[in-house]
Amino acid sequence: MITYIRSYLMVINKIIISPHFDDACLSAFAELDDKSLVVAIFSGFPKIEQKTDWDIFCGFKNSTEAVSKRAKENETASKYIGFKTIDLGFIDWQYNQAINKGNINREIMKVIKRHPSATIFCPLSFGVSIEHPDHILMTEIILEVSSDLKSTLFFYADLPYQINRKLDWVKIENKEKKISTCKIYKSQLSSLFETFPGFNYSSLANEAYLTLKEALNLRERAKVLNHHLDSSHSK
């Protein structure tokens, strides 16, 4: 189900595309304020209740509990910081339910058209060894529609996946506020710290943003590198 929270009445100058509830806070916290709109994409309940390895690792009994509690965490964080949020209600990759890419594209564009003057921030997710399929999909969708967008577009480095990538990382001014906000997403944070070596409270202080041109150039370099790696492995 798609939840719109009176967005037509909001004064919005930034739209942050967040694959899951916690991603905007983890990776683009510097852009969150009372005029920001976080669009949580994969925020819905699977048709059949499930028990996945990640949800169990995070302390949940099943998918129903996981989605419910993660949504509650996001609601608490939004009230704490003041950002607005919309849940598009698509299904997380881990639940192995078919996703229609065109439907996601259309729903995102509806939100963007509702706030035509807002700057858009999207996850940058490609070219590293470990990435989340939902994050990769969001990067692909935004890149595909980028030529049709009239809004200014930036890509934020996708934490924790991009943590070791050589980018123009900048220490944010409100590190302590970010840490206290990320702690609200407690079901995910400790599990991410445990899963990704080097990802910790200190690394949350750093964020990186790329223009569309920079993101496209980085993607091309990643393609060239992957081609060379594939060629070397085939010899």
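Everything quoted here is computed from the prediction, not taken from an experiment. (Residues numbered from 1 in each chain as written. Predicted model: local features only at pLDDT ≥ 70, side-chain atom pairs only at ≥ 80, totals over all residues. Heavy atoms only, no water.)

Colleague: Now, about the sheet that holds strand β2 (residues 36-40): what can you tell me, with residues and values included?
Modeller: The strand order β3-β2-β1-β4-β5-β8 describes an open sheet built from six strands, whose pairing is mixed. Across the chains shown, the open sheet's two edge strands, defined by having one partner strand only, are β3 (84-87) and β8 (209-211). For this sheet, the mean angle separating the axes of adjacent strands, direction not counted, is 25°. Sheet contacts for helix α4 (residues 101-114): β1 (14-18), β2, β3 and β4 (119-124); angle to β1, the most-contacted strand, approximately 165°. The strands touched by helix α5 (residues 133-145) within the sheet are β1, β4 and β5 (153-157), with β4 carrying the most contacts at an inclination of about 135°. (Pairing = 2+ DSSP bridges. Helix = DSSP H or I, 4+ residues; strand = E, 2+ residues; numbered from the N terminus. Axes fitted to C-alpha atoms, helices over the stretch in contact; angles between N-to-C directions. Contact = heavy atoms within 4.5 Å.)

Colleague: So what's going on with the pairing of β2? Residues and values would help.
Modeller: In terms of burial, β2 is largely enclosed, as five of its five residues are buried. A two-sided burial pattern is seen for β2, the buried positions comprising S36, V38 and A40 on one face and L37 and V39 on the other. The pairing of β1 with β2 spans five bridges and is classified as parallel. Directly across from K14, in β2, lies its bridge partner S36. With four bridges connecting them, β2 and β3 associate as parallel partners. Within the sheet, the bridge partner assigned to V39 lies in β3 and is I86. (Buried < 20%, exposed > 50% of the residue type's maximum accessible area, 1.4 Å probe, protein only.)

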